Amino acid sequence: MIKIGLLGLGTVGSGVFSILEKHAETIKRKVGTDLKIEKVLVKDKDKQRDLDFDDQILTDDIDEIINNKDIDLLVELIGGENPAYNYIIAALNSGKSVVTANKLVIAKYEQEIMGLAREKGVQINYEGSVAGGIPVIRPLKESFAANKIERLYGILNGTTNYILTKMTNEEREFDEVLAEAQSLGYAERDPHSDISGADAAYKISILSSIAFETSIDLNGVYVEGIEGIELEDIKLAEELGYVIKLLAIAKYHQDGLDVRVHPAFISKEHPLALVNDVYNAIYLHGDAVGDVMSYGQGAGRMPTASAVVADIMQAARDIYYQRPEVDNLDSIYNHDLVNISQVENSFYLRLQVKDKPGVLAQITKIFGENQVSLASVIQKHRLSEIVPIVLVTHQVKEENINKSLTAIKGLDDVISIKNLIRVEEL
Ligand SMILES: NC(=O)C1=CN([C@@H]2O[C@H](COP(=O)(O)OP(=O)(O)OC[C@H]3O[C@@H](n4cnc5c(N)ncnc54)[C@H](OP(=O)(O)O)[C@@H]3O)[C@@H](O)[C@H]2O)C=CC1
Ligand SMILES: N[C@@H](CC=O)C(=O)O
Ligand code: NA
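Because the structure is predicted, anything quoted here is derived from the model rather than measured.

Structural notes on helix α11 (residues 231–240)
Stage number 1. Listing the buried residues of α11 in full gives D233, L236 and A237. Buried residues of α11, viewed axially, fall in a sector of 105°; they line one side. Relative to its buried face, α11 has exposed residues pointing more than 90 degrees away, namely K235 and E239.
Stage number 2. Here the buried face of α11 lies against β9 (242–253), β10 (256–267), β13 (344–354), β15 (386–393) and β17 (414–423).
Stage number 3. Positive backbone phi, at 95°, marks G241, one or two positions downstream of α11.

Some details on the UniProt feature "binding site: L-homoserine" (unreviewed entry) in the protein chain
Stage number 1. The UniProt record marks E188 with the feature "binding site: L-homoserine" (unreviewed entry), using the residue numbering of this structure.
Stage number 2. On the basis of neighbour count, E188 is assigned to the partly exposed category, with 19 C-beta atoms found within 10 Å.
Stage number 3. Ignoring sequence-local partners within four residues, the contact set of E188 consists of G79, S193, D194 and D199.

Details of the site of ligand 2
Stage number 1. Ligand 2 sits among G132, N157, G158, T159, Y186, A187, E188, D194, D199, G298 and A299.
Stage number 2. Along the lines of polarity and charge, the residues of the shell around ligand 2 split into three nonpolar, five polar and three charged.

Some words on the nonpolar core
Stage number 1. In terms of nonpolar packing, the biggest core is built from 127 residues, with L6, V16, L73, V75, L207, V308 and I312 touching the most fellow members.
Stage number 2. Considering every element that reaches this core, the biggest residue donor is helix α12 (residues 301–320), with ten residues.
Stage number 3. Apart from residues no more than four positions distant in its own chain, I312 is found in contact with I4, L35, L73, V75 and V99.

A short note on the domain arrangement of the protein chain
Stage number 1. Once the domains are mapped, the protein chain shows domain 1 (2–132 + 301–320), domain 2 (137–297) and domain 3 (341–423).
Stage number 2. Taking only C-alpha atoms, the centre of domain 1 and the centre of domain 3 are 51 Å apart.

Section: the site of ligand 1
Stage number 1. Taken together, the neighbourhood of ligand 1 is formed by 27 residues, with G8, G10, V12, G79 and A299 sitting nearest.
Stage number 2. No other element matches helix α1 (residues 11–22), which puts three residues into the shell around ligand 1.
Stage number 3. In terms of residue class, the shell around ligand 1 is built from ten nonpolar, eleven polar and six charged.
Stage number 4. Each of two domains, domain 1 (2–132 + 301–320) and domain 2 (137–297), supplies a minimum of three residues to the shell around ligand 1.

A word on the sheet that holds strand β1 (residues 2–7)
Stage number 1. The sheet built from six strands is open, its strands ordered β3-β2-β1-β4-β5-β6 with parallel pairing. The sheet is open, and its two edges are formed by β3 (58–59) and β6 (124–125), each paired on a single side.
Stage number 2. For β1 and strand β2 (residues 35–41), the ladder comprises six bridges, and the chain directions are parallel. Note that in β2 the partner of L7 across the bridge is L41.

About the criteria used
Residues numbered from 1 in each chain as written. Chains lettered and ligands numbered in written order. Predicted model: local features only at pLDDT ≥ 70, side-chain atom pairs only at ≥ 80, totals over all residues. Buried ≥ 20, exposed ≤ 12 C-beta atoms within 10 Å, placed from the backbone. Helix = DSSP H or I, 4+ residues; strand = E, 2+ residues; numbered from the N terminus. Arc of directions from axis to C-beta. Contact = placed C-beta atoms within 7 Å. UniProt positions renumbered as here; feature names shortened; annotations may be inferred. Near = placed C-beta within 6 Å. Nonpolar A, V, L, I, M, F, W, Y, C, P; charged D, E, K, R; others polar. Core = buried A, V, L, I, M, F, W, Y, C linked by C-beta atoms within 7 Å. Domains from an automatic or database assignment. Pairing = 2+ DSSP bridges.

Set out below in structure tokens:
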């Protein structure tokens, strides 16, 4: 029998608990032995819970798990940086294998955690940390191992994709849809992590380090969230043949690796444009396999628990058969991350200007001086003395756009720059 210490009995922890119960027989057959949840760490032992268990297994003392020699496997599902990080390190140090869905901790401390697991000869599995139930970590490590991965695009945050989908299809308000995503268990405890793009940045950083065999400095990943997206931008995107998605991108660039997260216009025709609600997708290109897309639910109780339980089963099987963990996936490269100012894209720009002759000419002159050429210009209906203008550029370095915007902001007749969104040619 393999005994488990489960940390956290919230959205994902309760899903793991119920799958381990519901499929106990099948799991036993596939692993080779029974799995038993020996102890469950929670914050509040008196909280009302919808699960059927003996209260004795609940604890609020981590030592009862870390110091319990009978527990072989620690499953960390409390989230956040600390104490989760400390508990993972303590478990590895005491020779326990670890399963976690904590993208923050893995992205921030990947090198240290992987190194420690290797040193101790134990497993650290984290399939649930990226794109919930979609198998993506193991495929990258194993199924695509014979490839050079050239680029990777992902919709990696369920909460923001849910919000953008509901804003697009139902014209609903941001705050109302966010509250719904929280009640469905999709959002992080601090939903700012979802909205700001940080959660997706942790995830693309984890995927990049595996795909490109490199360590990733999170501080070098450009991150922009969906806070600035307005219904107006969504409608204009639709008019222009695009949808807006919070896109995570990792690809080779002449100066290193281009890793970033931001809202992007993507063609309505691209398969990623059809990824809606809480669904996530990863679209990658390997030199041998070509284009591959994986799709499924990226957040939520049971989809995430599906990935976590599979990780538990893999670790348990290896513990039971005393197979040492052999992971030769060292980060052998130290690719530089490219500064966003050096990245080329097309841009969508929405401005409000005074309704006067010559304003557009002044704007296009500034663009011309900064080598920005325009693919389209749309002047929308006049609102009192204000005219909304929408511009789409051809491909240009971001630093040229920034210089242009600084000059455009200084024009007397420009009232405001409402939004600047990258148009990603996938
Ligand atoms: N929700 C999702 O869809 C997904 C979540 N994840 C990741 O899974 C992890 C868990 O998320 P989720 O289940 O949503 O989180 P929840 O907030 O729903 O649950 C957290 C659980 O951890 C317990 N807990 C929190 N802090 C402590 C602490 N300091 N000491 C002991 N117990 C603690 C809570 O106890 P109590 O019950 O007493 O409050 C609760 O049971 C996170 O890393 C998250 O990023 C990954 C993919 C998808
Ligand atoms: N908050 C996350 C949960 C899964 O990782 C999300 O919305 O994707
Ligand atoms: Na996953």
